[in-house]
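Observations on chain architecture
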Amino acid sequence: ETTLTVHYPMPGFFKDVMDTISKKFMEQNPDIKIQFAAPSATYEEGIQTILRQAGTSEMPDVTFIGLNRLRMMDERNVAVDLGPLVQKDGNMAEQGFSDTILKLAQVKGKQVGLAFATSNPIMYYNADLVKAAGGDPDNPPKTWDEVLTLAGKIKALGNGVDGIDFRWQGDDWMFSALLFGAGGKMLSDDETKVAFNSPEGQKAVDMIERMVKEGGMPVFTKAAGEQAFAAGKVGFEFQTTGALINTIKNVGTKFDLRTAKIPLIDPVNGRLPTGGNAVVILTHDPVKEDAAWKFAKFAAGPYGASVVVPGTGYVPNNELAAKSSEYLGDFYKKNPLFQASLNQMSVMIPWYAFPGANGVRVTQTIVDNLSRIVDGSATPKEALDDAAADVEGMLPRS
Ligand SMILES: O=P(O)(O)OC[C@H](O)CO
């Protein structure tokens, strides 16, 4: 029997799906046992744990890494190159892994992992509050101006109700939703210079200030924002579609929960970041590596995707799972809340992965500066310029 130790992040989203997938895998592969290492609360904690454990006896055999940190895994040379295994397999496309899907977990052409869960940011809204404020829940806002106007009216309802919770905390992902949504980018094409202090970046940070001033967004922590929304005290919440099942469970019957596309500051050129994570093999032991490859394909394959999508709210990252009636073929028709993210798949681009060893610090600097806009201690321009100067100093010198 081969035992694989598997580490994953965000147990709030993934514990149940990991349990289901590993149980089924062990039924089909009785000679392989899956045991879980303590999960990490976030992607950022996950990557730091893995980099610390790499090469020690504590290192798990398999991990799930945020898509923006695969580059770091590659730069530190920690992950097994899956390219030869993909080659040897020969029929990845038949198992639903098209080239497009394989590319989601490649770094400069190297197959660092297989995408396990993929997401985009969506708009969650409280249809009861929208109605109470004079809006039409069947025709939710399509532009940020419309969101802000309606959110302001929701805030004006009083009774401790707030207009917006935009999940800017934690990492740079939701900031990139505004930046990419405005047609902007993080760094110059040659990655030597910061490019988010651009007119598009300015529009992104101005929007955060407008959420506070016009849309009634308070200084929430991530958890407080989610709790307030689920308690029926917030009109609009913007965050990953991966939080959908948790949100549905937490809202229960308290109000009429709906979802819609997140507006793009530039509806023509705007794009959205792809959130989520990929399964990565760490063990170099040949027997374990073989078992780990079986598990990776199973988790990221059609069965895994058919558990992850309904179990969380992520979009399908396996073409067979998305199309076949055996898996998710009828699911979307029956579950309209899941359609917002599906309808945005055509505008998904990679979650930007900063080069060099300072990726986690870069992200934290961006978040810290966003918090100054939300708490009113800096203007959007000051925060943007400070973030740009700090990040510039953290980029690798060529
Ligand atoms: O949560 P995910 O997996 O959709 O990834 C995007 C994040 O929300 C970033 O924290």
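The sections below set out a description of the structure shown in this document. (Residues numbered from 1 in each chain as written. Predicted model: local features only at pLDDT ≥ 70, side-chain atom pairs only at ≥ 80, totals over all residues. Heavy atoms only, no water.)

1. A short note on the overall build of the chain
In terms of helices and strands, the chain carries 18 helices and twelve strands. For the chain, the spread of C-alpha atoms along the three principal axes comes to 65 × 50 × 35 Å. When the 398 residues of the chain are sorted by exposure, 57% land in the buried category. Long-range contacts, defined here as pairs at least 24 residues apart, represent 77% of the contacts in the chain between residues at least 6 apart. Looking at the chain as shown, the accessible area adds up to about 16,300 Å², and 51% of this sits on carbon and sulfur atoms. Taking the 39 positively charged and 48 negatively charged side chains of the chain as two groups, their mean positions are separated by 2 Å. (Helix = DSSP H or I, 4+ residues; strand = E, 2+ residues; numbered from the N terminus. Buried < 20%, exposed > 50% of the residue type's maximum accessible area, 1.4 Å probe, protein only. Contact = heavy atoms within 4.5 Å. Areas by Shrake-Rupley, 256 points an atom, 1.4 Å probe, with all protein chains shown as cover. Lys, Arg positive; Asp, Glu negative; His and termini not counted. Charge placed at Lys NZ, Arg CZ, Asp CG, Glu CD.)

2. Considerations on the pattern of salt bridges
Two side chains bearing opposite charge may form a pair once their charged atoms approach each other closely. One pass over the structure, following the stated rule, counts 19 salt bridges. Asp 162 is paired through a salt bridge with Lys 155; the nearest N and O atoms lie 2.9 Å apart. A residue is classified by how much of its surface remains accessible, and Asp 162, at 13% relative accessible area, is buried. A salt bridge links Asp 171 to Arg 167; the shortest N-O distance between them is 3.9 Å. For the pair shown, Asp 171 and Arg 167 are each scored as buried. Through salt bridges that share partners, Arg 71, Glu 75 and Glu 191 make up one connected network. (Salt bridge = Lys/Arg side-chain N within 4 Å of Asp/Glu carboxyl O.)

3. Brief notes about the packing of helix H7 (residues 144–155) against helix H9 (residues 199–213)
Helix packing geometry: the angle between the two helix axes and the distance between the axes. Remark: H7 packs on H9, axes separated minimally by 9 Å, with the N-to-C direction vectors making an angle of 20°. Viewed along their axes, H7 and H9 adopt a mutual orientation that is roughly parallel. Here H7 runs over H9; the crossing is right-handed. Contacts between H7 and H9 involve Trp 144, Asp 145 and Leu 148 from the former and Met 207, Arg 210 and Met 211 from the latter. By residue class, the composition of the contact of H7 with H9 is four nonpolar, no polar and two charged. (Axes fitted to C-alpha atoms, helices over the stretch in contact; angles between N-to-C directions. Parallel < 35°, antiparallel > 145°, perpendicular 65-115°, else oblique. Left-handed = near helix turned anticlockwise from the far one by under 90°. Nonpolar A, V, L, I, M, F, W, Y, C, P; charged D, E, K, R; others polar.)

4. Let's talk about the site of the ligand
Around the ligand lies a shell formed by Met 10, Phe 13, Tyr 43, Ser 119, Arg 167, Asp 171, Trp 173, Thr 240, Gly 275, Gly 276, Tyr 314 and Trp 351. Take Ser 119: an N or O atom from its side chain is 2.5 Å from an oxygen atom of the ligand. Burial of the ligand by the protein chains amounts to 97% of its free accessible area of 290 Å². Residues belonging to the shell around the ligand are distributed by class as follows: six nonpolar, four polar and two charged. (Near = heavy atom within 4 Å. Polar contact = N/O pair within 3.5 Å; in protein donor to acceptor, adjacent residues only side chain to side chain.)

5. Let's talk about the side chain of Asn 120
Examined against the element boundaries, Asn 120 turns out to sit in the loop between strand S6 (114–119) and strand S7 (121–126). A distance of 3.0 Å separates a polar side-chain atom of Asn 120 from the backbone oxygen of Ser 341. Of the polar contacts made by the side chain of Asn 120, one reaches the side chain of Gln 344; its length is 2.7 Å.

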